[in-house]
There are 2 protein chains.
Amino acid sequence: MKKGLFLLFFFASLFIKAETITSPNGKLILDFKLNETGEPIYSLTLDKMQVIKTSKMGIEIKDNDSFLSGFKVASYDKNNVNENWEPVWGELKTIKNNYNELIVNLIQPDLRDRKFTIVFRLFDDGLGFRYIFPEQQDFKNFIIKSERSEFALTGDHKAFWIPGDYDTNEYSYSHTKLSEVDATFGKGFNEIGSKTIIGKNFVQSPLMMKTADNLYINIFEAALVNYPAMQLKVNQQNFILTSELVPDANGNMAYLQAPCRTPWRTIIISDKAEDILASKMILNLNEPSKIKDPSFIQPMKYVGIWWEMHIGTASWNYADMNVPELKSIDWSKVKPNGRHGATTERTKRYIDFAAAHNIQGVLVEGWNIGWEDWGSYYREEVFDFVTPYPDFNIKEVTDYAKSKGIKMIMHHETSASVSNYEIKMDAAYRLMKEYGYGAVKTGYVGYIIPRGEHHDSQWMINHYIRAAEKTAENNFMICAHEPVRPTGLHRTYPNWMACEAARGNEFNAWSKGNQPEHETILPFTRLMGGPMDYTPGIFQIKLDKYGKKEQVHTTLTKQLALYITMYSPLQMAADLPENYEAHLDAFKFIEDVPVDWDDSKIINAEPGDYITIARKEKGKDNWYLGSITDETARNFKVDLNFLDKDKSYIATIYEDAKDGDWFKNPMAYNIYEKTVKHGDILELNLVPGGGTAVSIKVK
Amino acid sequence: MKKGLFLLFFFASLFIKAETITSPNGKLILDFKLNETGEPIYSLTLDKMQVIKTSKMGIEIKDNDSFLSGFKVASYDKNNVNENWEPVWGELKTIKNNYNELIVNLIQPDLRDRKFTIVFRLFDDGLGFRYIFPEQQDFKNFIIKSERSEFALTGDHKAFWIPGDYDTNEYSYSHTKLSEVDATFGKGFNEIGSKTIIGKNFVQSPLMMKTADNLYINIFEAALVNYPAMQLKVNQQNFILTSELVPDANGNMAYLQAPCRTPWRTIIISDKAEDILASKMILNLNEPSKIKDPSFIQPMKYVGIWWEMHIGTASWNYADMNVPELKSIDWSKVKPNGRHGATTERTKRYIDFAAAHNIQGVLVEGWNIGWEDWGSYYREEVFDFVTPYPDFNIKEVTDYAKSKGIKMIMHHETSASVSNYEIKMDAAYRLMKEYGYGAVKTGYVGYIIPRGEHHDSQWMINHYIRAAEKTAENNFMICAHEPVRPTGLHRTYPNWMACEAARGNEFNAWSKGNQPEHETILPFTRLMGGPMDYTPGIFQIKLDKYGKKEQVHTTLTKQLALYITMYSPLQMAADLPENYEAHLDAFKFIEDVPVDWDDSKIINAEPGDYITIARKEKGKDNWYLGSITDETARNFKVDLNFLDKDKSYIATIYEDAKDGDWFKNPMAYNIYEKTVKHGDILELNLVPGGGTAVSIKVK
């Protein structure tokens, strides 16, 4: 920039003063201005306490001028929104969307007034901001080299983090100070096959933090569309976090065409941990549903042929052999290995169990050819998604399911050969339609094909959304395993019921497992963006029954409590029917528990320690409560003030035995009933690694 | 290698002597042996003259031991094959497949006898060799880092070359000595939008060469399946060519799973240039047809809405605007630009012309939405392949075509967004089926999505074959523009009629064009692997009629001769009906000329100078002859000894006017008839840049 121009610009910028907005309740204050070199900067305070110090914003463009500095404010626009909307399903019947908005229209005078817009939305529970690239002459197609959104923290906060990684989010959480983050060494790293760790000081979002002043801060994103996922680079000296995008094969972050916009960057803040879990800001920042007739979307519980493969009593594959070319095999002549799980008979067993116990869906994994040799990186065509193994009679199974009123859930493991899945999706969905399947579970185990793409790169983000759209067009629900973590897009695509996208219960079957604190962290991190298909409900906690040294790291009743603390409209009862039949008294809770709610109360919560939540059944007056603890025993007194004053209830309490313990005595429990009413105090006694589940039904 | 082991190995290898095979006619001799470090080496002689000096062979593997040295011969196997087969269509009714085969089974004693096989097939016209990775313990999934097939030439041969490039083959040919190759600077490089030149001394195959001893050598490949294309690295000191593969996004060459095999490397050799054009070795090295009922495959001529866009009198796009998101446009409300080519009315005009003039097909480009903004690298979903523009009534058009007995050819420009095409292929083909389309022309203009892949990388090679397979399943013929150059796979997939894959006639419309020699080189290079959709038949040579400075670099009758010299079972008559109607006497040759043949005689040929070919119509006794020259006038005396002795013929000669000249007087011609018979001498007078076409019909 020439000196004269610079001075001109400098003085001109003085005429546009900084701008401030407050949250509807007046407690949060956002300040925005341009600094002396025309860089956009913002800061955020809560009750006059600084939460985010002066932080820079902007986008670096490849092979073109960037949107980082040299800006002048063209105009500020402000809006206030206060509305209510009803989700198709969820934790609440009605969601309040109330924010003050600041739209900052910037221009770059040195670049022929090139336009750039930053939008801030300030809610009572936090801040969202995004960038907009307006339609304009001379700036149309562009490549994002980096995003430079900063979150300058006020100190060396405690953080609940997993390593920054382009391909997996299935790590155990660490909790350390930001200065102590070491993302190249941590818990359970060798248990994950396909990982691409960025470096020592990179962590994933949502990043949950707690300050020395007991402020809870959660940094994440909302509405991740046509853009890579955001991870966070941690400056371990000054505690500035910077957005770090996931690159494609060329090292580029996103290919965009103006007009367009980035996902929202979000900061959820409260001095109460419970408020973090109660926040609906991520959902509010997403677009309304695109599905005109959502009647096909029906939250449900399901069982399935799945856990038996994880514990090793059955196999996904039908035979033991190599399959260099899928098409070349005549399956009718293949010798079965005798351990194949997905047989017609076994599926009927699950259908019978589901029909008898208020379970609406049955999943079958391993029904289709290709599992013999399903590592995909060397061979793109691993699965065809349409050909059942000889011992799985798809017609017989679906006819039987229909006769019992059960919805079958199709399984599409892509082995991360996503181009292969895209190629075959039409045929796969035609088969589902033909047999009346209502939902599909997808999987993305392995390194991505197209090679060089990542689970969290722009191409894959678009793939996940395409799958949601295409299933919606076919009236299918969808649940994705090993995708990017969700960012509230289930508001826009409510048929996208759940995702795995974190370390699920399955790790308890074959790794060092999920430590007792794990499920107390997930709602503060992974679940901020949407429901998780955690697959709770393992009753046979100790796996020595199956000759395995592993075990689930909870008590049996903590598994029940997860149905409340880990919200999903698609909840698996993941154990074998045989194990449930050995504990039908405890299974009653799973049988009763709904998956769709009119109200939810976060009763108490502390990340890494405990969570207690009560939820009110959709369209009914019954409540269900779940309370879980980490490895520490805890006692809670829960005020039942959320109950209707005019009603009387019967509470059924599913609690651990007094000497219960996730390791020493995980399967001992007591179940008892008592009459309760509004204002009663319910005492919960949680053993180490334990939990309590309570149904509170109107008398 | 430990010293003792090495000695053991060394002495052991002495027990397996070198091996030699000769071609069926005894003229070509292949020698194979292992050198002192166990590297496989071969050499080739023709009539005791060395053609290929001692050359190394092998494969470098990523993250594993390579197949380059330390070999021991486990066994040699030899076979002789002498058979005839009939192609579904082509230049000959019957093709002779006659070779001696040497199978070299190698092991690597230091690597627990790891197995590797090299297969040589020696024909009278040349050599093919390939590598086989046998099924074996401990070597299953692997990545090819490089292929090290050498072709050690005997001198600084003259070469007809285009730059080594991962993404395009649309260059003009240079002819220089190998030592003078400079592939970073040459003809017409700036006329190609999407190019990825490898470096100064890399050229593409087929590489046509001529030695100082007037030996013609052509180096290429056959049966390119699940592997990247081979280009050639030229050592400009010692004249060793080495195979150079096209990498993927990760810089890897191929992801393979044993058992598997590489494409054939081919060396076609003769002291007569005509023999190079007559060789069917590439076809013989491909697998037989996989199409059980080929009755839907019907060679044909076609016209289409295409050249008018190239000369600028019409546009592919319907409107002039940006389309940031295809789905968001309501096309019924879009203001048309008034220049759109693919209208219902204009299509009917082409259908009428085709029906009146023995043309079987009509192509329409620009019929579908998306052309407004079709640069794809920033936006993946450029086309949907199913939605016609408002002024193209697909039902009306196809009904009309049916009533006139015309086959419609669908156009699918992918803009190189190939993942998008794969995703939408099923729907696109359903539409074609619904309206009875018989063929599709695909296009791949631009840089490839999946990003980081190349037109010639393994993923794309597999894509082209998938498209051939999928169209075959639907009984469609296919013709690909901007794909990898063909390698004889039309034997295996005879519905894969033709490809562009080189600099076509279109370059004459908007670049400095194709110099007069261009069409005399293509049959020695690009066409070695299969038919080219060159789109000949431009009659309005000078484009000043359309306000353009460009022109076609041939005479009008040379355009006719191309229908013979440039074989394709799918031949376009590329000019506008109006231009044909101005020269219906000359168009009679196109009207008459077949596209499928019982016999072909290469009468004379010299790369870069001239080609004369006569072909016998499939199932009939008529012959057609084409003769073309470069910028030099030439006179040929053609002995009509190929005619049936017992028959009398009427020859119709389409020749340039005496003062014809591609630049000064390209559109003046004479047409005359004469009676000819076996043994007559037909004199051809070719003007600069000219050509002569002759139909010789039985009286």
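Here, the structure is the one placed above.
Every value quoted in this text rests on a predicted model; they were computed, and no experiment measured them.

Engineer: Please clarify how the overall build of chain A should be interpreted in this entry.
Structural biologist: Looking only at helices and strands, chain A features 13 helices and 36 strands. For 699 residues, the compact-globule estimate of 2.2 N^0.38 gives 27 Å, and the C-alpha radius of gyration of chain A, at 26 Å, lies within 12% of that figure. Once the C-alpha set of chain A is aligned to its principal axes, its extents read approximately 80 × 65 × 45 Å. Pairs at least 24 residues apart make up 72% of the contacts formed inside chain A by residues separated by at least 6 positions. One way to put it: in chain A the 80 positive side-chain charges average out to a point 3 Å from where the 93 negative ones average out.

Engineer: Would you mind going over unusual backbone geometry with me for this structure?
Structural biologist: Omega for the peptide link from Ser205(A) to Pro206(A) comes to 0 degrees, which places this bond in the cis form. The residue Pro206(A) is located in the loop between β14 (202-204) and β15 (207-210) in this model. The amide bond that connects Ala258(B) to the next residue, Pro259(B), takes the cis arrangement and shows omega of 5 degrees. Relative to the elements of secondary structure, Pro259(B) occurs in the loop between β19 (254-257) and β20 (260-261). Phi at Asn358(A) takes a positive value of approximately 60 degrees, unusual for a residue other than glycine. Positive phi, close to 60 degrees, is recorded for Ala501(B), a residue that is not glycine.

Engineer: In this structure, what is going on with the sheet that holds strand β25 (residues 439-443) of chain A? I would like to understand it.
Structural biologist: Hydrogen bonds along the backbone pair up the strands of a sheet, which may run parallel or antiparallel. Residue and element names in this part refer to chain A. With parallel pairing, seven strands are arranged side by side in an open sheet as β27-β26-β25-β24-β23-β22-β28. Two strands in the sheet have a free side with no partner beyond their single neighbour: β27 (496-499) and β28 (570-572). Averaged over all pairs of adjacent strands, the angle between strand axes in this sheet comes to 25 degrees, irrespective of strand direction. In the sheet, strand β22 (residues 300-305) pairs with β28 via three bridges, with the strands oriented parallel. Note that in β28 the partner of Lys301 across the bridge is Gln571. Across the sheet, helix α7 (residues 418-435) is in contact with β24 (407-413) and β25; its angle to β24 comes to roughly 165 degrees.

Engineer: What is the right way to read the interface of chain B and chain A from this model?
Structural biologist: Note: interface size is frequently given as the accessible area lost on complex formation between the parts. Tallying the contact residues gives 37 residues for chain B and 37 residues for chain A. Around 3,100 Å² of area is buried between chain B and chain A when both sides are counted, 48% of it from carbon and sulfur atoms. By the criterion of area lost to chain A, the three top residues of chain B are Tyr378(B), Ile423(B) and Arg451(B), representing 23% of everything that side buries. The partner of Lys140(A) in a salt bridge is Asp373(B), and the shortest N-O contact between them spans 2.6 Å. Within the residue set of the side of chain B that touches chain A, elements represented by two or more residues are β10 (141-147), β19, α7 (418-435) and α8 (458-473) of chain B. The element that contributes the greatest number of residues to the side of chain B that touches chain A is α7(B), accounting for six residues. When grouped by side-chain class, the residues that make up the side of chain B that touches chain A number 16 nonpolar, seven polar and 14 charged.

Engineer: Help me out: how do you make sense of the packing of helix α5 (residues 344-356) of chain B against helix α6 (residues 394-403) of chain B in this one?
Structural biologist: If you want to describe how two helices pack, look at the angle between their axes and the distance between the axes. All names here are of chain B. Here α5 crosses α6 at 10 degrees, and the two axes come no closer than 10 Å. As the angle between them shows, α5 and α6 are arranged roughly parallel. Of the two elements, α5 crosses α6, and the hand of that crossing is right-handed. The residues of α6 that touch α5, namely those facing Thr344, Glu345, Thr347, Lys348, Ile351 and Asp352, are Glu396, Val397, Tyr400 and Ala401.

Engineer: Would you explain empty space enclosed by the protein in this entry?
Structural biologist: Empty space among the atoms can be located by rolling a probe the size of a water molecule over them. Residue and element names in this part refer to chain B. Applying the stated criterion to the full structure yields 13 cavities of 30 Å³ or more. Forming the boundary of the largest cavity are 25 residues, of which Glu91, Leu277, Lys280, Leu527 and Met528 lie nearest the centre. Going through the elements one at a time, α3 (281-284) and β30 (610-617) are the ones with two or more residues in the lining of the largest cavity. Tallied by class, the residues present in the lining of the largest cavity amount to 15 nonpolar, seven polar and three charged. The computed volume of the second largest cavity comes to approximately 120 Å³. In this structure, the second largest cavity is lined by 16 residues; those nearest its centre are Pro486, Thr487, Leu489, Trp496 and Cys499. Looking at the lining of the second largest cavity, the elements with two or more residues in it are α8 and β27 (496-499). When residues of the lining of the second largest cavity are assigned to their parent elements, the largest contribution, four residues, is made by β27. Taken together, the residues that form the lining of the second largest cavity break down as 12 nonpolar, three polar and one charged.

Engineer: Where do I start with the sheet that holds strand β19 (residues 254-257) of chain A in this structure?
Structural biologist: Residue and element names in this part refer to chain A. What the three strands build is an open sheet, ordered β5-β10-β19; its pairing is antiparallel. Edge positions in the sheet fall to β5 (59-61) and β19, since each of these pairs with one other strand and no more. Taking each pair of neighbouring strands and ignoring which way they run, the sheet shows an average axis angle of 45 degrees. As paired strands, β5 and strand β10 (residues 141-147) are joined by three bridges and run antiparallel to one another. By the bridge assignment for β10, Ile59 is matched with Glu147.

Engineer: In this structure, what is going on with the relation of the copies chain B and chain A? I would like to understand it.
Structural biologist: Relating one copy of the chain to the other takes a rotation about an axis and a shift parallel to that axis. Relative to chain A, chain B is turned by 180 degrees and slid 0.0 Å along the rotation axis, the superposed coordinates differing by an RMSD of 0.0 Å. What the superposition gives is, in effect, a two-fold axis relating one chain to the other. Mapped onto chain A, 100% of the interface residues of chain B are again interface residues, and the two copies thus contact each other with one and the same surface.

Engineer: Hey, could you run me through helix α5 (residues 344-356) of chain A in this one?
Structural biologist: Owing to its 3.6 residues per turn, the α-helix brings residues three or four apart onto one side. With 13 residues, α5(A) extends 18 Å between its outermost C-alpha atoms, agreeing within 8% with the 18 Å of an ideal straight helix rising 1.5 Å per residue. A positive phi of about 60 degrees marks Asn358(A), the residue just after α5(A).

Engineer: Could you clarify how one ought to interpret the pattern of salt bridges in this entry?
Structural biologist: Side chains that carry opposite charge are capable of pairing whenever their charged atoms lie near each other. All names here are of chain B. In the structure shown here, the tally under the stated rule is 98 salt bridges over all chains. The partner of Arg265 in a salt bridge is Glu221, and the shortest N-O contact between them spans 2.9 Å. Of the two residues, Arg265 sits in strand β21 (residues 264-270) while Glu221 sits in strand β16 (residues 216-222), which places them 44 residues apart along the sequence. For the pair Arg265 and Glu221, a shared accessibility class is recorded, and that class is buried. Residues Arg379 and Asp373 are paired through a salt bridge, measuring 3.6 Å at the closest nitrogen-oxygen approach.

Engineer: Would you take a moment to explain the side chain of His412(A) for this structure?
Structural biologist: All names here are of chain A. With respect to the secondary-structure elements, His412 resides in strand β24. Among the polar contacts made by the side chain of His412, one reaches the side chain of Tyr421 at a distance of 2.8 Å. Ignoring anything within four residues of it in the chain, the contact list for His412 reads Phe385, Tyr421, Ala428, Tyr429, Met432, Val440, Lys441, Thr442 and Gly443.

Engineer: Just checking my understanding: could you explain α7(A) for this structure?
Structural biologist: Residues and elements named next belong to chain A. For α7, spanning 18 residues, the distance from its first C-alpha to its last is 24 Å, which sits close to the expected 26 Å at 1.5 Å a residue. The sharpest bend along α7 measures roughly 55 degrees and falls at Lys424. Most of α7 is tucked away: 14 of the 18 residues are buried. At the C-terminal side of α7, Gly436 shows a positive phi close to 75 degrees.

Cut-offs applied
- Here the residue numbering is sequential within each chain, running from 1 through the sequence in written order.
- All chains are assigned letters beginning at A, and all ligands numbers beginning at 1, according to the order in which they are written.
- Local features in this predicted model are restricted to residues of pLDDT 70 or higher, and side-chain atom pairs are both shown and tallied only at a pLDDT of 80 or more, whereas totals for entire chains, interfaces and linings draw on every residue.
- Values shown for side chains rest on all heavy atoms present in the structure; no hydrogens or waters enter the calculation.
- Secondary structure elements are defined from DSSP: runs of H or I of at least 4 residues count as helices, runs of E of at least 2 residues count as strands, and each element is numbered from the N terminus.
- Using C-alpha atoms as the atom set, the radius of gyration is obtained and then compared with a globule rule of 2.2 Å times the number of residues to the power 0.38.
- Whether two residues touch is decided by their heavy atoms; if any such pair falls within 4.5 Å, the residues are in contact.
- Counted as positive: Lys and Arg. Counted as negative: Asp and Glu. His and the chain ends are not counted at all.
- Lys charges are placed at NZ, Arg charges at CZ, Asp charges at CG and Glu charges at CD.
- Strands pair, by our definition, only if DSSP identifies at least two bridges between them.
- Only the contacting stretch of a helix is used when fitting its axis, a line to C-alpha atoms as for every element, and angles between N-to-C directions run 0 to 180 degrees.
- What counts as buried area is the accessible surface, traced by a 1.4 Å probe, that two parts surrender upon association, with contributions from both included.
- For salt bridges, the criterion is a side-chain nitrogen of Lys or Arg within 4 Å of an Asp or Glu carboxyl oxygen.
- Charged residues are taken to be Asp, Glu, Lys and Arg, nonpolar residues to be Ala, Val, Leu, Ile, Met, Phe, Trp, Tyr, Cys and Pro, and polar residues to be all remaining types, Gly included.
- Oblique is the label for any angle not under 35 degrees, not over 145, and not in the 65 to 115 range, which are roughly parallel, roughly antiparallel and roughly perpendicular in turn.
- What makes a crossing left-handed is the near helix being turned counterclockwise from the far one by less than a right angle; a clockwise turn instead makes it right-handed.
- Only protein atoms enter the 1 Å grid, on which a cavity is a set of points fitting a 1.4 Å probe that cannot get out and a pocket is an open set with protein on both sides within 12 Å along at least 5 of 7 lines, lining residues being those with an atom within 4 Å of a point.
- Grid points are joined across faces, edges and corners, and a volume is the space filled by probe spheres set on the points.
- Superposition of the copies was done by least squares, using only C-alpha atoms of residues whose pLDDT is at least 70 in both.
- Here, expected helix span is obtained from the residue count minus one, scaled by 1.5 Å.
- Between buried and exposed lies partly exposed: a residue is buried under 20% and exposed over 50% of the maximum accessible area for its type, with that area taken using a 1.4 Å probe on protein chains only.
- Nitrogen and oxygen atoms within 3.5 Å of one another constitute a polar contact, given that in protein one can donate a hydrogen and the other can accept it, and given that sequence-neighbouring residues count only through two side-chain atoms.
- To obtain the bend at a residue, axes are fitted to the seven residues ending there and to the seven starting there, and the angle between these axes is taken.

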